[in-house]
Amino acid sequence: MQRILLLAGVSIIATACSTTQVAQVQPIDGVISGQCHTDMVRGAVGLAAAPNTVERARVDSDSLQVDVVRSNAGQQLASQPPATTSGGDRLVIEVGRTNNITTLRCG
């Protein structure tokens, strides 16, 4: 009887440990306006561009979409739009070679 209870307890604990749940990111005010602004996400610069961090930045910037692109080491290409802090429905996150966030802009 003790073995059965022990095995049941071990399997419940193992199941609980193996199911990693990612919390769904909710906007603070409950609404995403779709008008990107980077003032609330400036603190993400320097962080690793993990999926949860990218999603949190998208939500906190009120953006409907997010693009993660490789940084061109601070050199602005002629075809690349200038960095904007607001406007549009997309947040663009530039990452460095170590996958850290280097720049946040709206696009």
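Described below are features of the structure shown in this document. Bear in mind that the values here come from a model prediction, so they are computed numbers and not experimental data.

**Quick look at the sheet that holds strand 2 (residues 90–95)**
With mixed pairing, 3 strands are arranged side by side in an open sheet as 1-2-3. If you trace the sheet from one side to the other, it starts and ends with strand 1 (65–70) and strand 3 (101–106), each paired once. Shown here is a sheet whose adjacent strand axes are inclined to one another by a mean of 20 degrees, direction ignored. Across 6 bridges, strand 1 lies against strand 2 in parallel orientation. Within the sheet, the bridge partner assigned to D67 lies in strand 2 and is V92.

**Re the pairing of strand 2**
The buried fraction of strand 2 is high, at 5 of 6 residues. Judged from the 5 bridges that link them, strand 2 and strand 3 form a sheet pairing that is antiparallel. Pairing of L91 across the sheet is with C106, part of strand 3. Between strand 2 and strand 3, which pair antiparallel in sequence order, lie 5 residues; one of them, N99, sits at a positive phi of approximately 65 degrees.

Rules and cut-offs
- Residues numbered from 1 in each chain as written.
- Predicted model: local features only at pLDDT ≥ 70, side-chain atom pairs only at ≥ 80, totals over all residues.
- Heavy atoms only, no water.
- Pairing = 2+ DSSP bridges.
- Helix = DSSP H or I, 4+ residues; strand = E, 2+ residues; numbered from the N terminus.
- Axes fitted to C-alpha atoms, helices over the stretch in contact; angles between N-to-C directions.
- Buried < 20%, exposed > 50% of the residue type's maximum accessible area, 1.4 Å probe, protein only.

Any functional reading would require information beyond the geometric quantities listed.
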